Each structure stands twice: as structure tokens, then as C-alpha cells.
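Remarks on the overall topology
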Amino acid sequence: MPAILAKKLGMTQVFQEDGSVARVTVLEAGPCPVTAIRTPERDGYDAVQLAFGQTKEKHLTKAELGHLRKADAGPLRHVVEFRDEAAELQLGETVTVEAFAAGARVKISGTSKGKGFQGTIKRHNFASGPKSHGSHNVRAPGSIGASAWPARVMKGIRGPGQMGNKRVTQKGLEIVSIDAQQNLLLVRGSVPGPRGGLVEVRTDG
């Protein structure tokens, strides 16, 4: 099961051989050196650790630099572990977009765009109240509790609060094409996060 780290570059469209248009998200995926291998005997679980994102040495701690040097990797900003992924990889190898194939299905995880503190209409798609005849309840959430029992607001009530800025996984995305020379993955559909955000790409299924 291949896995790789990528940076979201943005969205565009490409014309396919049959003349149809595919709306795609462009990802700069890898190359990602393998910086650690986790084993059940030593760590208690199976995982492979990949690094991604060129940076300057001054932006990393000495401990981070030492860890990367053990795998002969340069200064890289992001280090992520993938459990039960690519068990045949060895320390020092590099994962590239060539590990994937056009037409394959992948699932992509990232941090969604943060939208700050929002009300129930924007956050949970609630309906608004009447807007005429002197109504003062246009965007208010309305009643949220019962009466004598339970005499409190039950947990899990959908209300105002922070919207976005959470880990989101989009499943079933199709790889439209791969550009191995420029390390690009073109994935049909939208991907969580803003332009320039870090995402994790795994095979789906």
C-alpha cells in the first residue's frame, strides 16, 4: 500500500483523450526519504516514517537534524508515520510519485481551512428564522434544552463554535495522471486544506 506526503498546489482542469474535462487538484508529492522503520519487536507497531518539505537547517533542532542524517536525508520540515504502509521499504530509500498509477483510488488526509467562530447557520446548515414582522430571531439558534427533565443541556447539541481547522480525510479520489519529472499528482476532485498545505496520500482499499 503506497503512501506519500504532498503539498497542495491548487486546482485546475485537464482535457482527457475522449474530450471530457477533469477537474483536478494538483499535488506536489515527494520525493520522501524513509527516515525510520517501526517494528513490533522494538516499537510495538508496524509503521514507516517519511519526511518531506525542504527547509533550512536553522529552522530545525539539532535532534531533528541528527535523526534525518541517520537516513542520509537533508533538512526536511515534515516527518509523518504511516502505519501498516509499505512494509517492504528500507531505511534510506525514497518514495516518489512513481509508486502510484493513473486510475488508482487514493484517500487524502489534511487539515481543513479554519473559518473561525461561526454560528449554527454557517456551521451546521441550520435554517434562519423569519425576517419580517419585527422578528428578533433571524439567525439565533433557538431552544436548545428541555424543561424540568433533564434540567440541563444534553451533550452533543449542535451549536456555535470553531469551524474548520480539523483533520479531514477525503476517500475514493481518482488519480487522473502523474508527472514523474516534476513530482506531480493530479487527483480528480477537491482535497482538504488551503493551497500550500501538507496532505497525506494513501491508497484507498
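Look a little higher up for the structure.
As a starting point, this report considers the structure included with it.

The rules behind each value
Residues numbered from 1 in each chain as written. Predicted model: local features only at pLDDT ≥ 70, side-chain atom pairs only at ≥ 80, totals over all residues. Heavy atoms only, no water. Helix = DSSP H or I, 4+ residues; strand = E, 2+ residues; numbered from the N terminus. Rg over C-alpha atoms; globule rule 2.2 N^0.38 Å. Buried < 20%, exposed > 50% of the residue type's maximum accessible area, 1.4 Å probe, protein only. Contact = heavy atoms within 4.5 Å. Areas by Shrake-Rupley, 256 points an atom, 1.4 Å probe, with all protein chains shown as cover. Polar contact = N/O pair within 3.5 Å; in protein donor to acceptor, adjacent residues only side chain to side chain. Core = buried A, V, L, I, M, F, W, Y, C linked by side-chain atoms within 4.5 Å. Phe/Tyr/Trp six-rings, centres within 6.5 Å; stacked < 30°, edge-to-face > 60°. Lys NZ or Arg CZ within 6 Å of the ring centre and 35° of its normal. Salt bridge = Lys/Arg side-chain N within 4 Å of Asp/Glu carboxyl O. Patch = residues over 30% accessible without salt bridge, like charges linked within 9 Å, V, L, I, M, F, W, Y side chains within 5 Å. Pairing = 2+ DSSP bridges. Axes fitted to C-alpha atoms, helices over the stretch in contact; angles between N-to-C directions. Lys, Arg positive; Asp, Glu negative; His and termini not counted. Charge placed at Lys NZ, Arg CZ, Asp CG, Glu CD.

**Description of the overall build of the protein**
Looking only at helices and strands, one finds two helices and twelve strands in the protein. Along the chain direction, N to C, the helices and strands of the protein fall in the order β-β-β-β-α-β-β-β-β-α-β-β-β-β. For a compact globule of 205 residues, the expected C-alpha radius of gyration is about 17 Å, and the protein comes in at 23 Å, more than 25% above that figure. For the protein, the C-alpha atoms occupy an extent of roughly 70 × 50 × 35 Å along the three principal directions. Residues classed as buried in the protein amount to 36% of the 205 residues present. Pairs at least 24 residues apart make up 69% of the contacts formed inside the protein by residues separated by at least 6 positions. Accessible surface, the protein as shown: approximately 12,700 Å² in total, 49% of it carbon and sulfur.

**Quick look at the side chain of Arg 38**
Within the fold, Arg 38 resides in strand 3 (residues 32-38). Within the structure, the side chain of Arg 38 is placed 2.7 Å from the side chain of Glu 81, a separation counted as a polar contact.

**What about the nonpolar core?**
Membership of the largest hydrophobic core comes to 26 residues, with the highest contact counts inside it found for Leu 27, Leu 50, Ile 108, Leu 185 and Val 201. A per-element tally of this core places strand 1 (residues 3-15) first, with four residues. Ignoring any residue separated from it by four or fewer positions in sequence, one finds Leu 50 in contact with Ala 3, Ile 4, Leu 5, Cys 32, Pro 33, Val 34, Thr 35, His 78, Val 79, Val 80, Phe 82 and Val 95.

**As for the packing of aromatic side chains**
Under the definition given, this model contains zero aromatic pairs. Lying across the ring of Tyr 45, Arg 83 places its NZ or CZ 4.0 Å from the centre.

**Re the pattern of salt bridges**
Scanning the model with the defined rule gives seven salt bridges in all. Between Glu 81 and Arg 38 there is a salt bridge, with the nearest N and O atoms lying 2.7 Å from each other. Of the two residues, Glu 81 sits in strand 5 (residues 76-83) while Arg 38 sits in strand 3, which places them 43 residues apart along the sequence. Between Glu 174 and Arg 188 there is a salt bridge, with its nearest N and O atoms 3.2 Å apart. With Glu 174 in strand 10 (residues 167-179) and Arg 188 in strand 11 (residues 184-188), the pair connects residues that are 14 residues apart, well separated along the chain. The class of Arg 188 is partly exposed, set by a relative accessible area of 30%. One connected set of salt bridges, linked through shared partners, spans Arg 167, Glu 200 and Arg 202.

**Quick notes on a nonpolar patch on the surface**
A cluster of nonpolar side chains, namely Ile 144, Trp 149, Val 153, Met 154 and Ile 157, defines an oily patch on the protein surface of about 530 Å² accessible area. Turning to its location among the elements, Ile 157 is positioned in the loop between helix 2 (120-124) and strand 9 (161-163).

**With respect to the sheet that holds strand 12 (residues 198-203)**
The six strands lie next to each other as 1-2-11-10-7-12, forming a closed barrel whose pairing is antiparallel. The sheet shows a mean angle of 50 degrees between the axes of neighbouring strands, direction not considered. Summarising the sheet, strand 10 and strand 11 pair through four bridges and their orientation is antiparallel. Directly across from Asp 179, in strand 11, lies its bridge partner Leu 184.

**A closer look at a positive patch on the surface**
On the surface, a cluster of positive charge is contributed by Lys 113, Lys 115, Lys 122, Lys 131, Arg 139 and Arg 195. Secondary-structure assignment places Lys 122 in helix 2. Accessibility expressed as a relative area gives 47% for Lys 122, which makes it partly exposed.

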